[in-house]
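Structural description and commentary
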Amino acid sequence: MYDVIIVGAGPAGLSAALVLGRCRRRVLVCDSGRPRNAASQALHGYLTRDGIAPAELLRIGRDQLRQYDTIDWQDAEVVEAECRPDRRFRVALTDGREFASRKLLIATGVVDNLPEIDGFRELFGRSIFHCPYCDGWELRDEPLAVYGRGARGLGLSLELIGWSRDIVLCTDGPPEIDADGRERLARNGIAVREDRVDRLEGRDGRLERIVFARGDALPRRALFFTTGQTQQSRLALRLGCEFNEKGTVRTGKYEATHLPGLYVAGDASRAVQWVVVAAAEGAEAAFAINTDLLREDLK
Ligand SMILES: Cc1cc2nc3c(=O)[nH]c(=O)nc-3n(C[C@H](O)[C@H](O)[C@H](O)COP(=O)(O)OP(=O)(O)OC[C@H]3O[C@@H](n4cnc5c(N)ncnc54)[C@H](O)[C@@H]3O)c2cc1C
């Protein structure tokens, strides 16, 4: 019986493991090795680590955790999780092995829904991004495209003007933006292209042009997209968690969920999806988990 099982060893899960391991809790960390930002070349906006390769951040994190004999590892996917009537959690790995714990932290992140456009996947993380806070600085004043529709396409286009004034919103079909929104785009110098996108062309990870179905091309240096995201695991759904409109788990104070003993931290929960925030949420959840355990153990 572990005190805590942590599913997911991205910044959220590793950060929670560090705090809990140092609290002398018996911790099991399970990870399937598919971080959201695997395609990214450099991680930005994390104080003291700005520009580091994402895999390097995880390597440093794991190395530092190895000195704690309170932490066990399973490099495997958790395929099942349940809360039993005695309030203990049970998780099962792909190979059928099972582990039990008093508390469960899900830190399994999300995956970005990438449009099925030729060239998109190849350029993702190198000159196609979803977050201007993460990658806008490197592309300041460059000719940029936004890919998206409706309120999200409108919002991302307007947000980007802090980084560049040369922006074209590509809606790949009807824009689904009302007259007021279109007027705001025009007022801010943002052009809209409704034409169907055929493919993205570039070289060595660098976007060069967007080619439309009717044959003409728009030269662009990078593209920011907003086409949604999906939870990377279905564990929170199976455990009955509630989700908000964005598809992330609704959590309360210190990342607690509706189910006592179950916490969800990092991109899988709530709003701002950055590495530094995921790490902070993991630490907060760990604080709450240790407090819960202590309360249960005190005589
Ligand atoms: C292209 C790109 C660039 C980005 N750039 C930046 C940036 O510059 N700065 C920044 O702050 N943020 C950036 N982000 C966002 C950043 O990646 C996330 O905010 C961060 O990774 C969230 O951490 P997390 O621990 O919640 O999830 P993740 O890092 O996604 O980690 C989740 C972990 O859970 C594991 N997992 C999932 N399901 C299971 C399961 N069932 N069993 C076991 N393990 C499981 C996965 O394998 C993964 O290792 C970027 C994202 C992308 C896509």
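Scanning the protein from N- to C-terminus turns up eight helices and 17 strands. Its C-alpha atoms give the protein a radius of gyration of 21 Å, near enough to 19 Å, the size a compact globule of 299 residues would have. Oriented by its inertia axes, the alpha-carbon framework of the protein measures out at about 70 × 35 × 35 Å. Evaluated residue by residue, the protein yields a buried proportion of 40% over its 299 residues. Expressed as a percentage of contacts within the protein between residues at least 6 apart in sequence, the contacts between residues at least 24 apart total 60%.

Our next topic: the site of the ligand. If you check the shell around the ligand, you find 42 residues, and the closest are Gly8, Gly10, Asn37, Gly109 and Gly266. Elements represented by at least two residues in the shell around the ligand include exactly helix 1 (11-22) and helix 8 (275-297). Considering only residue class, the shell around the ligand consists of 20 nonpolar, 16 polar and six charged.

Strand pairing in a sheet relies on backbone hydrogen bonds. The paired strands run either parallel or antiparallel. One open sheet accounts for three strands, arranged 12-13-14; its pairing is antiparallel. Here the strands that pair on one side only, and so sit at the sheet edges, are strand 12 (197-203) and strand 14 (217-219). Each adjacent strand pair in this sheet contributes to an overall mean axis angle of 25°, direction not counted.

Right, let's talk about helix 8 for a bit. Residues spaced three or four apart along an α-helix face the same direction, because each turn holds 3.6 residues. Spanning 23 residues, helix 8 covers 33 Å between terminal C-alpha atoms, matching the ideal 33 Å at 1.5 Å per step. When helix 8 is considered as a whole, its buried residues turn out to be Val275, Ala278, Ala279, Glu281, Gly282, Glu284, Ala285, Ala286, Ile289 and Asn290. Lining the buried residues of helix 8 we find strand 1 (2-7), helix 1, strand 6 (98-106) and strand 17 (262-264).

A common way to express how large an interface is: the accessible area buried when the components associate. Domain annotation for the protein reports domain 1 (2-111 + 228-297) and domain 2 (114-225). Domain 1 and domain 2 are separated by 33 Å when their C-alpha centres are compared. Contact with domain 1, which involves six residues of that partner, is made by seven residues of domain 2. Tallied by class, the residues present in the side of domain 1 that touches domain 2 amount to two nonpolar, four polar and no charged.

It is worth spelling out the environment of Ile71 at this point. By the element assignment, Ile71 lies in strand 3 (residues 71-74). Through-space distance from the C-alpha of Ile71 to that of Val27 is 4.8 Å; in sequence the pair is 44 residues apart. In this view, Ile71 contacts Ala17, Gly21, Val27, Val29 and Leu65; residues no more than four positions away in its chain are not counted.

This part is about the pairing of strand 5 (residues 89-93). The pairing of strand 4 (residues 78-83) with strand 5 spans five bridges and is antiparallel. Residue pairing across strands places Cys83 opposite Phe89, the latter belonging to strand 5. Once strand 4 ends, the chain turns through five residues before running back antiparallel as strand 5, passing Arg87 with a positive phi of about 70°. Of the strand pairs in this sheet, strand 5 and strand 6 are connected by four bridges, and their pairing is antiparallel.

Analysis parameters
- In this numbering scheme, every chain counts its residues from 1 along its sequence in written order.
- Local features in this predicted model are restricted to residues of pLDDT 70 or higher, and side-chain atom pairs are both shown and tallied only at a pLDDT of 80 or more, whereas totals for entire chains, interfaces and linings draw on every residue.
- Segments assigned H or I by DSSP are reported as helices when at least four residues long, segments assigned E as strands when at least two residues long, and all are numbered from the N terminus.
- The reference for a compact globule is 2.2 Å times residues^0.38; the radius of gyration itself is calculated from the C-alpha atoms.
- Buried residues are those with 20 or more other C-beta atoms within 10 Å of their own C-beta, exposed residues have 12 or fewer, and partly exposed residues lie in between; C-beta atoms are placed from the backbone.
- Whether two residues are in contact is decided by their C-beta atoms, placed from the backbone, lying within 7 Å.
- Any residue whose C-beta atom, as placed from the backbone, lies within 6 Å of a molecule or strand is termed near it.
- Gly falls in the polar group here, along with every residue not listed as nonpolar (Ala, Val, Leu, Ile, Met, Phe, Trp, Tyr, Cys, Pro) or charged (Asp, Glu, Lys, Arg).
- Pairing between strands requires that DSSP locate at least two bridges from one strand to the other.
- Fitted lines through C-alpha atoms serve as axes, helices being fitted only where they are in contact, and the angles separating the N-to-C directions of these axes extend from 0 to 180 degrees.
- For a helix, the expected span equals 1.5 Å multiplied by the residue count minus one.
- An automatic or database domain assignment is the source of the domain bounds shown.

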